[in-house]
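Letter by letter, the chains look like this.
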Amino acid sequence: MQQKGTLDDLCQKLGIQLSYTDTCKGVEQKADIKSKKALCKAMGYPAETKKDVLEALKKLRQEEYKNFVPFTRVAQEWELKPFSVEISIPQAQQTALLSWILTAEDGTSSSGQISLQDSDLLDTMTIGSKKYQKRRVRFILDAPIGYHTLSFLIDGEKPDSNNQIKLIVVPQKCFMHPELENGRRVWGFPMQLYAISSTHNWGIGDFTDLKNLIPVGKKFGASLIGINPISALFSDDANDASPYYSSSRIFLNPLYIDLDAVPEAAESLPYTEYKNSPRFVEVFKYAKASDKVEYPYIAEMKYTALGFLFDTFKAVHLNDKFEPITARGEAFQEFCDKFGAKLVNFATFQTIRNVRLANGKSQGCWWEWEKGFQTLKSEKVTAFQEEYQDSIMFIKYQQFLAFEQYEAVGEEYVKSGMEIGLYTDLPVGVGKNSAEVWSNQDVFLPELNVGAPPDSFNKKGQDWSLAAFNPKTMGVSGYDLFIRIIRAVMNKAGAVRIDHAFGLQRLFLRPSKGAGAYLTYPFKDMMGIIALESHRQKCMVIAEDLGTAPYGFSAQLRESNVLSFGIFHWNRTENGFIMPQDYPHNYLIASGTHDLPTYTALWKGLDLELSKKMKLITPEQYKHHIENRKNERYQFLTAFVHQGMPVPGCERMEGSDDAKCQNMGQIMSGEIVPSWFIPNTYAFLARTNAMILLVRMEDILEQEEQINLPGTYLQYPNWRYKLPVLLEGLSTDERMINVCAVINKERPL
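Our subject in this report is the structure included herewith. Values in this document were obtained by computation on a predicted structure and should not be read as measured data.

What follows covers the overall build of the protein. Scanning the protein from N- to C-terminus turns up 23 helices and 29 strands. Overall size of the protein, expressed as C-alpha extent along the three principal axes, is 90 × 75 × 50 Å. Contacts in the protein between residues at least 24 apart in sequence constitute 72% of all its contacts with a sequence separation of at least 6. Put simply, the protein shows about 32,100 Å² of open surface, and 50% of that area lies on carbon and sulfur atoms.

The structure is reproduced here in structure tokens:
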């Protein structure tokens, strides 16, 4: 039996997992000591020495008695009858009368009483000279799904510590469209919004482009349009282009605003003059002509133009005190009031970075800023907000415009008649040096980086430089930030993809020293909140569950009505690809993600050459993958022949699933992508039982460039390649017409 009081004991109490199974090697990997100590310290429990460990365990034990009741409880409706909660009281109150008052979300209330001597005694502890009891009380509650407050009194008095529970009552399952649940199968296009080329945009896709995708999608028979995360990035550093490394997951990226569609554009002479200036014309021409999104130039154009629009907005719609004097001014004020302190904090953070840059200083990381700016609540920050009120208001205005356009477009999707409409994406974390972490430091672990352990394509593992929530403090805050993030990503969406959904149960966290370890998260609570918000916003949930899965994770997804995410060429056994009829219905199938090669690149092996060039795989791994890729091409071929799909010059061998071809050598070389490869791929995927099929335009349009290459930053043009066809030309592109016709044959409208 393991001795109590060890580092491993502390880790287990904090949810730090001592080992995990490496699915690539099929062996158990143990967490190293450096990582275990680093995670303990990051969570607020230093464990460098034996004495530290014992003190940390003592602190944890005492914290169990610190508060009268927990700050938050997430419960399903069946758990209310009876509702069970543990309370901590001084022993002298063991016969007191406990009163409870439930204040529901709609303002109604109910109450009751229970004698504590009728409750269950669970444990006792002496702290100082005072003895405490841990008791479990049970009583019947009647509350609908939603956010409620449960308050307590002991003999008519408030306890010395926390006496309120934020009671979140959640459904057992996430929302599901009835027709889809009953067997209907649909498909749609996953898009990188920034990558859309159109005649009107400024070299980057915008919200008007997103609206103009509706008739394109409907013409081809799509039931959804998926978009990358459109969260706010770091506007002072345009090269940080990853939509998965945001400064805030609540606010939006202003670069997606269609400035010509802003009402102030028609009222602003300086805006018009700027668009006619030689500098704008030069930069605009370059940004439009490039096959990549030229972020620094686009940021220069858009933020300069936004400044002119803001000046006009202030002059027309606000007085000298920034108070509204028109209906549009009042709409802006209502927007600011809606987001309150969250918007002020975000705007303050970005303004600090902007001012530092303007003064010749590095934007830096917030923990490296001067004393007084490292935390939100300080006199220096308050003074800064007063001095730079106009600059902070400018960022609020940017968000006002972004939300105004996005929500209007979102309404168009809701009314479009598409079964799902918008399909959005929730990143697994947020930038460590972000506004979100700076203004919510108590619920994050900024000392640690979210990542992944080593795998066959990443010999050193992955470090995403993202900050993760602190599971010890999320409940103390009532899951407030998490709820806001979920609401933001579901806003106007018919479905949401949860990136690296394993993070709802565990995350691999990497310290500066150490290999990393998994940390456990409150899956039941987080999934319950997601289910509640999904019903309120009628938004389906898809879990990106690719990689090393926790035990039983897939079963939990099914129980929660969450779709699993599958990749075609990963869904195979040693004998070949899984056949269409063997796919489950509660499933989303795709040819790849933003982190995987297009199918043109996959067939040619361009991804392997790129990984080799970037030294992301060893020479031995490269050779291994090259051989596997040849086998993979043959498996594609045999799968298509087995399904009776057209493969000129090839036929199924009698009495076997194998295929023989007249030009087998040329096919297997991968030098040329066969004309049948992409159409047959999507015919095969459309034929599966999977509820949702994602159809990548990058595949149809034969794009070779990978959207993002994990493990690289500026060494590769991540998040920059545009689609090779204008938005206005998609509807008449023969490749689009032919492939979508193949899909609709298998999935009739």
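What follows covers the sheet that holds strand β21 (residues 517–520). Ordered in space as β16-β18-β17-β20-β21, the 5 strands form an open sheet in which the pairing is antiparallel. Edge positions in the sheet fall to β16 (430–431) and β21, since each of these pairs with one other strand and no more. Inspection of the sheet shows strand β17 (residues 444–452) paired to strand β20 (residues 506–510) by 3 bridges, in the antiparallel sense. Bridging from a neighbouring strand, Val 450 pairs with Leu 509 of β20.

Take the nonpolar core next. Phe 189, Leu 210, Tyr 521 and Ile 530 are the most contacted members of the largest nonpolar core, which has 196 residues in total. In this structure, Leu 210 is in contact with Leu 193, Ile 225, Ile 227, Val 409, Tyr 413 and Leu 422, ignoring residues within four places of it in sequence. Counting 24 residues, the second largest nonpolar core, distinct from the first, contains Val 69, Ile 87, Phe 152 and Ile 165.

What follows deals with the pattern of salt bridges. Under the definition given, this model contains 40 salt bridges. Among the ionic pairs, Glu 533 bridges to Arg 487, the shortest N-O distance being 3.1 Å. Taken together, the residues Glu 533 in helix α15 (residues 523–536) and Arg 487 in helix α14 (residues 480–490) connect sequence positions 46 residues apart. Classification of Glu 533 by relative accessible area gives buried; the value is 2%.

This brings us to helix α11 (residues 389–415). Count 3.6 residues to each turn of an α-helix, and residues three or four apart come out pointing the same way. Taking 1.5 Å as the rise per residue, α11 with 27 residues should run 39 Å; its terminal C-alpha atoms sit 39 Å apart, in good agreement. One or two positions beyond α11, positive phi appears at Gly 417, with a value near 90°.

Remark: helix α1 (residues 7–14) packs on helix α3 (residues 50–63), axes separated minimally by 9 Å, with the N-to-C direction vectors making an angle of 30°. Taken together, the axes of α1 and α3 lie roughly parallel to each other. As for the relative orientation of α1 and α3, their crossing is left-handed in sense. Counted together, Leu 7, Asp 9, Leu 10, Lys 13 and Leu 14 of α1 and Val 53, Ala 56, Leu 57 and Leu 60 of α3 form the full contact between these two elements. For the contact of α1 with α3, the per-class residue count stands at 7 nonpolar, no polar and 2 charged.

Quick look at the pairing of strand β15 (residues 421–426) now. Across the 6 residues of β15, 6 count as buried, placing the element largely inside the fold. In this sheet, β15 lies alongside strand β12 (residues 224–227) in parallel orientation, the contact comprising 3 bridges. Considered in β15, the bridge of Gly 226 is made with Tyr 423.

Here we come to the packing of helix α9 (residues 327–358) against α11. Where α9 meets α11, the axes come as close as 7 Å, and the angle between the chain directions of the two elements is 125°. Relative to α11, the element α9 is oriented oblique. As α9 packs across α11, the resulting crossing turns out to be right-handed. The residue inventory of the contact of α9 with α11, partitioned by class, reads 16 nonpolar, 6 polar and 5 charged.

What counts and how
Residues numbered from 1 in each chain as written. Predicted model: local features only at pLDDT ≥ 70, side-chain atom pairs only at ≥ 80, totals over all residues. Heavy atoms only, no water. Helix = DSSP H or I, 4+ residues; strand = E, 2+ residues; numbered from the N terminus. Contact = heavy atoms within 4.5 Å. Areas by Shrake-Rupley, 256 points an atom, 1.4 Å probe, with all protein chains shown as cover. Pairing = 2+ DSSP bridges. Core = buried A, V, L, I, M, F, W, Y, C linked by side-chain atoms within 4.5 Å. Buried < 20%, exposed > 50% of the residue type's maximum accessible area, 1.4 Å probe, protein only. Salt bridge = Lys/Arg side-chain N within 4 Å of Asp/Glu carboxyl O. Expected span 1.5 Å × (residues − 1). Axes fitted to C-alpha atoms, helices over the stretch in contact; angles between N-to-C directions. Parallel < 35°, antiparallel > 145°, perpendicular 65-115°, else oblique. Left-handed = near helix turned anticlockwise from the far one by under 90°. Nonpolar A, V, L, I, M, F, W, Y, C, P; charged D, E, K, R; others polar.

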